[in-house]
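So you can see what is in the structure, the chains are spelled out below.
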Amino acid sequence: MEDKPTQNLKNLSVTVAIPTCYGNISLIKTVESIRASIETPIEHIIVIADRTEVSPQIRDRLLEFGVEFYWNDTPGSYGKKVMQMLRMCVTDIFILTCDDIIFDKKAVAEIKKTFHSDTSVTLVASTVRPLLPSKTFIEGVLGQNVRIPGRISRLWNSGDNYLAASGRCMSFRTEHMRKFRDFTNILSSDAYFYFENRRLGGRMRLSEDSTVFNRPPQSVRDQIGPSSRYQISEQDITPFFDFDISTDYKIPMVTAWRVVLSELFQRPIKTTLYLCIFIYTRLHRQPIEKTSQLLWDTEVSTKNI
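Reading the values: rules and limits
- Residues numbered from 1 in each chain as written.
- Predicted model: local features only at pLDDT ≥ 70, side-chain atom pairs only at ≥ 80, totals over all residues.
- Heavy atoms only, no water.
- Salt bridge = Lys/Arg side-chain N within 4 Å of Asp/Glu carboxyl O.
- Helix = DSSP H or I, 4+ residues; strand = E, 2+ residues; numbered from the N terminus.
- Buried < 20%, exposed > 50% of the residue type's maximum accessible area, 1.4 Å probe, protein only.
- pLDDT = per-residue confidence, 0-100.
- Contact = heavy atoms within 4.5 Å.
- Disulfide = S-S within 2.5 Å.
- Axes fitted to C-alpha atoms, helices over the stretch in contact; angles between N-to-C directions.
- Parallel < 35°, antiparallel > 145°, perpendicular 65-115°, else oblique.
- Left-handed = near helix turned anticlockwise from the far one by under 90°.
- Nonpolar A, V, L, I, M, F, W, Y, C, P; charged D, E, K, R; others polar.
- Pairing = 2+ DSSP bridges.

A. Summary view of the pattern of salt bridges. According to the stated counting rule, one finds 15 salt bridges in the structure shown. A salt bridge links Asp118 to Arg203; its shortest N-O distance comes to 2.8 Å. With Asp118 in the loop between α4 (107–117) and β6 (121–130) and Arg203 in strand β8 (residues 203–214), the pair connects residues that are 85 residues apart, well separated along the chain. When its relative accessible area of 38% is taken as the criterion, Arg203 is described as partly exposed. For Arg199, the salt bridge goes to Glu196, with nearest N and O atoms at 2.9 Å. With Arg199 and Glu196 both in helix α8 (residues 189–199) and three residues apart, this pair spans about one turn of that helix. Through salt bridges that share partners, Glu39, Lys106, Glu110 and Lys113 make up one connected network.

Now the structure itself:
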């Protein structure tokens, strides 16, 4: 049974961790939005980068925002970079996000309020919404890939489900996350974090008041990679757990169809086209040899924030 934390919850300290293999201007915009947070201080922002060289101009801007920047000469997996940052973390809360996310000004404060309101909560998932306005028509269509799963996840089991646990912004009690097993070689880290949190007796809560924004892909081609990786998620992480996770992957169809029908009514053209793209990405899934690689190609159109 998980021990309840003893620290003064009103003074929870925060580290925001950003692993990246594509440190361009989108990273600066992400950090800028984090530093614009209100109602709470952000003690540390850590960035660990590899693969794509970060320009001196970007590094200088990161330093201006008080970012602790580290470069790995040897490229490593997403999980490797996250574990590095977790070892560096000295705060109560460890917020994990991406290099192409825009934080609402109250997002971090709402994360802290969620932890403060319930000492048994060890993982807080933020609500993800598509960044507007869309830059292309296809991006607007693929925004449904954020809206539809997001609405389903909020209705399903009061938001406690793997679908709500999005790596675009997940927050942990640091000492609880330190108990996680080595996830260096995990492909489906979002789902793994959700189930590992449960395995250790932790609780997840979805915060509808903590909002972050993500740019959907601007082409169908850039949607195929993430879709392919999502499709092997259950297969990827099942061997790591001695309890049956298959039932947790069964999205309640009544809820799903309610959401889809609602979206068809509100956005008929975009939702219809999105459903066509959804089917297309299933029919054109990348081969397992490519999907299972720890270092994959970045979908760069999502970085255009």
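B. Looking closely at the confidence of the model for the protein chain. Looking at the protein chain, pLDDT values average 92 and 93% of them are 70 or higher. Contacts from residues 1–7, a stretch scored under 50 in pLDDT, to residues over four places away or in other chains number eleven contacts.

C. View of the state of the cysteines. This structure, assessed with the given rule, holds zero disulfides. Among the cysteines around Cys169, which has no disulfide bond, Cys98 carries the closest sulfur, lying 8.8 Å off.

D. Summary view of the packing of helix α6 (residues 144–155) against helix α11 (residues 253–266). Where α6 contacts α11, the two axes come as close as 9 Å, and the packing angle between them is 135 degrees. What the angle tells us is that α6 and α11 run oblique. Note that α6 runs across α11; the crossing there is right-handed. Taken together, the residues of α11 that come into contact with α6 (itself represented by Gln144, Arg147, Ile148, Arg151, Ile152 and Leu155) are Thr255, Ala256, Val259, Val260, Ser262, Glu263 and Gln266. Taken together, the residues that form the contact of α6 with α11 break down as six nonpolar, four polar and three charged.

E. Seen up close, the sheet that holds β8. With respect to topology, eight strands assemble into an open sheet ordered β3-β2-β1-β4-β7-β6-β8-β5, the strand pairing being mixed. Only two strands of the sheet have a single partner each, and these edge strands are β3 (67–71) and β5 (101–103). Going across the sheet, the axis of each strand differs from the next one's by a mean of 30 degrees, ignoring polarity. On top of the sheet, helix α1 (residues 25–35) reaches β1 (14–20), β2 (44–49), β3 and β5; it is set at about 15 degrees to β5, its chief contact.

F. Summary view of the pairing of β6. For β6, a buried count of nine out of ten residues is recorded, marking the element as mostly surrounded by other parts of the structure. Note: β6 against β8, nine bridges, orientation parallel. Bridge pairing in β8 links Val124 to Arg205. Bridge count for β6 against strand β7 (residues 169–173) is three bridges, and the pairing is antiparallel. Across the sheet, the residue bridging to Leu123 is Phe172, located in β7.

G. Structural view of the packing of α1 against helix α2 (residues 56–64). Where α1 contacts α2, the axes come no closer than 10 Å and their chain directions differ by 5 degrees. Classified by the angle their axes make, α1 and α2 are roughly parallel. Where α1 abuts α2, its residues Ile25, Leu27, Ile28 and Val31 lie against Ile58, Arg61 and Leu62. A breakdown of the residues in the contact of α1 with α2 according to their chemical character gives six nonpolar, no polar and one charged.

H. Just the side chain of Ser153, in detail. Examined against the element boundaries, Ser153 turns out to sit in helix α6. Once you skip the residues sitting within four places of it in the chain, Ser153 turns out to touch Gly159, Asn161, Leu163, Ala164 and Leu206.

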